[in-house]
Every structure is written in structure tokens, then in C-alpha cells.
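Tertiary structure, described
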Amino acid sequence: MGWLVSIVYPIIRYLKPLPQTGPTGPTRLTRDEASKLEQNKFVIVPVSGQRVMVLQSGDQLHAFSAKCTHEGCTVTFLPAQSVMWCPCHDGRFDLNGRVLSGPPPQPLTKYMAQRQPDGGIVVSQESA
Amino acid sequence: MPDTNSDEKRGGLRGWLDRRYQVTPLFEFLRHKEVPLGSHWMGWYYLGGITMFFFVVQVITGVLLLMYYQPGEATAYESIRFLTTKVPFGWLIRSVHSWSAHLMIISLVLHMFSTMMLKAYRPPRELTWVSGYLLFLLTLGFGFSGYLLPWNKLAYFATTVGTNIVRSVPLLGNWLLEVMRGGQDVTINTLYRFFAAHVVILPLAFVGLIAMHLLFIQRQGMALPVGAKTAPRGMKFFPSFALRDVLLWMACLMVLATLAVFLPYGPGIPGMDWELGQKADPFAPAYPGIKPEWYFLWEYQLLKEFPPHLFGLEGPQVCLLLIALLFGIWAIIPWLDRRAFRDKPSPAFSDLGWAAILFLVYLTLTGWDIGAGGASSDLAAIQHSARVCAWWTLAAGAVVVVFRFLRYEHRWFFLTGAALLQAALHGLVGISYLLAGVISVALAAVAIAIRRVLFPQANEKDVT
């Protein structure tokens, strides 16, 4: 038994990936990302290693996790309907992240998007 | 008694080999090996060989693809693009590899269903069934792991959804997900792991299992019909059956070559095309109409049909449980089918096989948005698609029932009826897919119970 554990454990431990490292904390949109937001009314950016969608509805900025809570596809924004839509399994979310229709079991996690006095946009986790 | 004296004197290559490796018993075995005739349609016996032929094509074209493919964030997509646009006949090798994968899955599925319908899994061939079942799972694993390697958008999202399903596994879900992906999300680490699985781990496992599967078949021979003690007649495996096998492989090669040359990127049906498209970008949204390969469409559609929450669990978790249950039943059918175990006709399991086919057909058609004129999130288009798919499924079901009734004198249609009723209730009446399923299964259970009480001898009269 000990012999088996001494073989299997290192393999299992080897297969388990190391924790991801990378920048954490608020993210400031680059010029490219800001122009994409202006043009498409949404942009997906990395915030603390997560995919976050920043979208513009009217004058208001919103930010949500871009990962659909159903099977993890990346959602898109439909400005004409003011909904976020996951094309993989047809899940829909309102501008508060709540599920409107389809199979997603949870709302999208909210982030905070703020326009800075210099015109830049900073996205951070809501609790921050 | 073999004439050992004459064996010793035998010259030529066989004599040379025999003096060193004693191959005469092997030749004797092959000389006496026979395929039973006159009981089933001969065509069923060739499906295993055809599947193996496509696997060999996969290995050869896979090795050729490996000579140009470079796994890596900046190289995977680019190397496939280079291969298909610059390398002489690179497009052909990739096309043959893709088409052969699809044809291999088709022949494998047909092989499994024919084995089930003929009850060839009954004792003493239970382990032959299980090894075949594991080969089927490995083949799906080949398809899934190979899908990511071009590192395009479709591959990225198909892998995201496919791997995310394991998150629902109790206790081990998150660990399994991280081990499969090499992290929390699908990244280039996932590609490295899938590449290793696709070109080393799965082929090794596959070859080992195929050896076991073939060994079982050689030791036990091909199954006779239910109730038969001896085959009415037989065909010599060498050379008669083997030559027919080779002839069929040639025909398969011609079909494969024709498809690969004239439809190099698939037939153009969503879920059955392999245009390279755009490079994977984790920061781009999934695109409308995204679908997995056709053989995963039924699971894709089933995931859509589950509500967000059910029985206190999340919808995808319950869906995974159902899929695991269906695969589990499929694996242990030799032990569930007690009548076949006693070498008696088991009409309920024949019916189960047909019901499973119709269940998969309806889900696959709706997953393909048949009748909706392409992918749509519009409710009216979805309902119209469900209606069209239900009619197609009912038409297919009617053909199946009439054929079984007339050709095989089947009288057991409760499960087929349940599968058709579910399609009709969902597609034509418009009630939810799951509720339609519950109603259909409940009605089938009541009908079976009534039959058992009122006509206890009826089962004995049923055939196959």
C-alpha cells in the first residue's frame, strides 16, 4: 500500500497545476480597450486573472465576469436588447447580472467600473 | 495430431519461422477459424474491422500531421494554417484525418448497436462488450482532445464547455477540472495536456484495449444467435472472410479519399466542419451558432434543456448525473439483460436499443437547429425547430416500428413508444423536454406493468 501511495501521490501532485500568478488589483483599460468599448459598447479585459466584460449602456458603465455561470463560455453584450448573452447554450443576463432566461444557474459576478477624472476607466472587484 | 515430422522438414519462410518460434499452432488456429453464417446479416461482422481500419488511417495521418504541428500559444494555430495552405498535400492529410475520425465514430457506433441488437454481449462475452465500450469512450476522448489542437475559437469554446462539465462531479470536480485544464481556465496549458493525451496516452491505451478486445474475440469466436447451439454453416476466416474484409477496407478508403478531396473542410454543416476560422482568443466572446461535433450534440442539447436548478442541485449537475447514468447502463447491459444471460430472447433490451437511438436522434436534430434556418435564440424559431425535429423523429420511429414488426416480428415497443412520445410532447405539444420525458417514462412503466399482470406469458412469445 505504501509502495502504491509513493508512486501515485507524486503523479497526482505533479498533475495539479501551480496557482496562477499575475497582476492583481484594479485594471485600467488601455487606449485600445477603451476604443473597443466605445465602438462595440463592450470589451473583455483581464482583471486579477479573470475575464471581465466592461459594457456601456447609455452613459452608464457596468462590469461583470464574462464567464457564463452555466458552462463557462464567454458572454457577449447585445446593446439593442440591453442584455448579456451566452451563445453556447442561450443564457441571458440583465444589466444587473441576473439570469433572464436559459440554463445558467447563477447570476454573473459583478465588478466595479469607474470613469476617472482623466477619462480613463478602471475596473476592480466589487468588494474593493 | 499434427505431423511433427513433416513440420520439422518444412522448408521456406514458414519452416524457418516454425523452427524458431513454433508458429504451426497459430497457423492451425487460423486455418480452422470460421465465421458463423446463415444467422445474421453478414454486414454486422465487418463493422469492427472497418473501425480498426479507420483507426490505422488515424495513426498514419496523425504521425504525418505531427511532422508539422507545433503545440504552443504562438505556434499551434499558425502551424495548422501553414500545414493547410503551404505544405504540399497538407490540406489532404488533415482532411483525411478529420474525415477518418468521423467515419471511425460512425462505424464504431454501428458496431456497438449491432452487438447490442444481436445480444452478442451475453455470456461468455461480457468482457468483450466492456472492452469495446472502453474503446468507444477512448474514441470520444480522441475526438475531444484532438478538437483543441488547432487552437481556434471553436476549439477554445468547445473545450471550455466540455471540460467545465466535470466540475459537476461530486467532491473531485474542481480537482479534475484543474488537472484537465492545467489551471482554472482553458489556456495554452490545456493544449499541452490535451496534446499529450491525444498523441501518447490515448493511443497507448487504445492499442492495449484493442489487443485485449481482439484476443477475447479470437478465444471465443463470433457470437451465435440467441438460442442457437451451433452455427448453421461457417465461412473460413482465412482466406474467405479476411479477403472480404480487405475488399471492404479498399471501398472505405475510396469513400474516405472522395470525401477528403471534394469536401476538405467537412460537409459544411455546423458541428461537422473543420475550417480553421479565427485563432482562439480568451478575451473574445463566443460567437452565435457555436456547436460541438455532431457526436456531442445530444449532450449539448440536453444541457440546454435542463433548468438552472433541479432537486436542490444546479441544472448542469443533474444533467451530468443523467448522462453518467445513461453511460453506466450502456456499460453494464450484459449484466442487466437477464433473459439474454439465460440465452433467451430479450425484446425489452432490443427495444431499449431502438429507444436510445430515437432519443439521440431527436436531441441531435434539435441541437443542430434543424428547421430553424440556422442558429437562433428566437423563441418562435426554437419552437418551430422542435416541431420539425419531432416530425422527423416520429417518421424515423414509424419506419423502425413497422420494420421491426414485419421483418423481425417484434411485439415489444414500450420504450420506443416512450422516446417517440417524449419527442411529440416536447416538439408538437410544446411542454418542457424534461416534463415530457417524465410523462413518457411513467406511461411506459405503467404499460409494462399492466402487460406483465394481464399477459404474463406474452414475453415468452417475443423474439430477439
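Because the structure is a prediction, the values reported are computed rather than measured.

The next subject is the overall build of chain A. Counting secondary structure elements, chain A contains two helices and ten strands. In sequence order, chain A lays out its α and β elements as α-β-α-β-β-β-β-β-β-β-β-β. Taken against the 2.2 N^0.38 rule, which gives 14 Å for 128 residues, the C-alpha radius of gyration of chain A at 19 Å runs more than 25% over that of a compact globule. Each of the three principal axes of chain A carries a C-alpha extent, and together these read 65 × 35 × 25 Å. A total of 128 residues make up chain A; the buried ones form 35% of that total. At a minimum sequence separation of 6, the contacts of chain A that also span at least 24 residues come to 35%.

The next subject is the packing of helix α6 (residues 90-117) of chain B against helix α7 (residues 126-148) of chain B. Residues and elements named next belong to chain B. Viewed as axis vectors pointing N to C, α6 and α7 meet at an angle of 155°, and their least axial separation amounts to 11 Å. Between α6 and α7, the angle is such that the two are roughly antiparallel. In this structure, α6 crosses over α7, and the sense of that crossing is left-handed. Contacts from A101, M104, I105, L108, M112 and T115 of α6 reach α7 at W129, G132, F136, T139, G143 and G146. Grouping the amino acids of the contact of α6 with α7 by side-chain chemistry returns seven nonpolar, five polar and no charged.

A separate point is the sheet that holds strand β1 (residues 27-28) of chain A. Residues and elements named next belong to chain A. The sheet built from six strands is open, its strands ordered β1-β10-β9-β4-β3-β2 with antiparallel pairing. The two strands at the open ends of the sheet, each matched to only one other strand, are β1 and β2 (42-47). In this sheet, strand β10 (residues 121-125) lies alongside β1 in antiparallel orientation, the contact comprising two bridges. Looking at the pairing, R28 lines up with V122 of β10.

Glancing now at the domain arrangement of chain B. Accessible area lost upon the coming together of the parts serves often as the stated size of an interface. Residues and elements named next belong to chain B. According to the domain assignment, chain B contains domain 1 (32-339) and domain 2 (345-464). The C-alpha centroid of domain 2 is placed 25 Å from the C-alpha centroid of domain 1. If you list the elements that add at least two residues to the side of domain 1 that touches domain 2, you get α6 and α12 (297-305). When residues in the side of domain 1 that touches domain 2 are grouped by element, the largest group, six residues, is from α12. Partitioned by chemical class, the residues of the side of domain 1 that touches domain 2 number twelve nonpolar, three polar and five charged.

Let's shift gears to the sheet that holds strand β7 (residues 91-93) of chain A. Residues and elements named next belong to chain A. The strand order across the open sheet built from four strands is β5-β6-β7-β8, with neighbouring strands paired in antiparallel fashion. Where the open sheet ends on each side, the last strands, each with one partner, are β5 (76-78) and β8 (99-101). Sheet twist, expressed as the mean angle between neighbouring strand axes with direction ignored, is 40°. Sheet topology note: the β5/strand β6 (residues 83-86) ladder contains three bridges and is antiparallel. Counted as the bridge partner of F77 is M84 from β6.

On to the packing of helix α18 (residues 414-429) of chain B against helix α19 (residues 433-454) of chain B. Residue and element names in this part refer to chain B. Put simply, α18 and α19 touch, their axes get as near as 8 Å, and they point 150° apart. In terms of their interaxial angle, α18 and α19 are classed as roughly antiparallel. Here α18 runs over α19; the crossing is right-handed. Between α18 and α19, the residues in contact are F414, L415, G417, A418, L421, Q422, L425 and H426 and Y433, A436, G437, I439, S440, V441, L443, A444, A447 and I448, respectively. Partitioned by chemical class, the residues of the contact of α18 with α19 number 13 nonpolar, five polar and no charged.

Within the largest apolar cluster, 115 residues are counted, with the highest numbers of intra-cluster contacts made by A:V52, A:M53, A:V54, A:V75, A:V123 and B:F157. Ranked by the residues each element gives to this core, the list is headed by α6(B), at ten residues. Viewed by domain, this core spans two of them, domain 1 (32-339) and domain 2 (345-464) of chain B, each represented by three or more residues. If near-sequence neighbours (up to four positions away) are discounted, A:V54 is found in contact with A:L29, A:L37, A:F42, A:V43, A:V45, A:L61, A:A63, A:A113, A:I121 and A:V123.

For the rest of this paragraph, the subject is the pairing of β10(A). Examined bridge by bridge, strand β9 (residues 110-115) of chain A and β10(A) share five bridges and lie antiparallel to one another. Counterpart to A:Y111 in the pairing with β10(A) is A:Q125.

With that settled, consider the interface of chain A and chain B. Across the boundary between the two partners, chain A contributes 23 residues, which contact 29 residues of chain B. Here the residues of the side of chain A that touches chain B sort into 13 nonpolar, six polar and four charged.

All names here are of chain B. Taken over all residues, the pLDDT of chain B has a mean of 90, while the share at 70 or more is 95%. Ranking the elements of chain B by mean pLDDT puts helix α1 (residues 4-9) last with 55 and helix α4 (residues 47-66) first with 97. Reported confidence for the predicted complex is 0.88 by ipTM and 0.90 by pTM.

What counts, and where the lines are drawn
- Residues numbered from 1 in each chain as written.
- Chains lettered and ligands numbered in written order.
- Predicted model: local features only at pLDDT ≥ 70, side-chain atom pairs only at ≥ 80, totals over all residues.
- Helix = DSSP H or I, 4+ residues; strand = E, 2+ residues; numbered from the N terminus.
- Rg over C-alpha atoms; globule rule 2.2 N^0.38 Å.
- Buried ≥ 20, exposed ≤ 12 C-beta atoms within 10 Å, placed from the backbone.
- Contact = placed C-beta atoms within 7 Å.
- Axes fitted to C-alpha atoms, helices over the stretch in contact; angles between N-to-C directions.
- Parallel < 35°, antiparallel > 145°, perpendicular 65-115°, else oblique.
- Left-handed = near helix turned anticlockwise from the far one by under 90°.
- Nonpolar A, V, L, I, M, F, W, Y, C, P; charged D, E, K, R; others polar.
- Pairing = 2+ DSSP bridges.
- Domains from an automatic or database assignment.
- Core = buried A, V, L, I, M, F, W, Y, C linked by C-beta atoms within 7 Å.
- pLDDT = per-residue confidence, 0-100.

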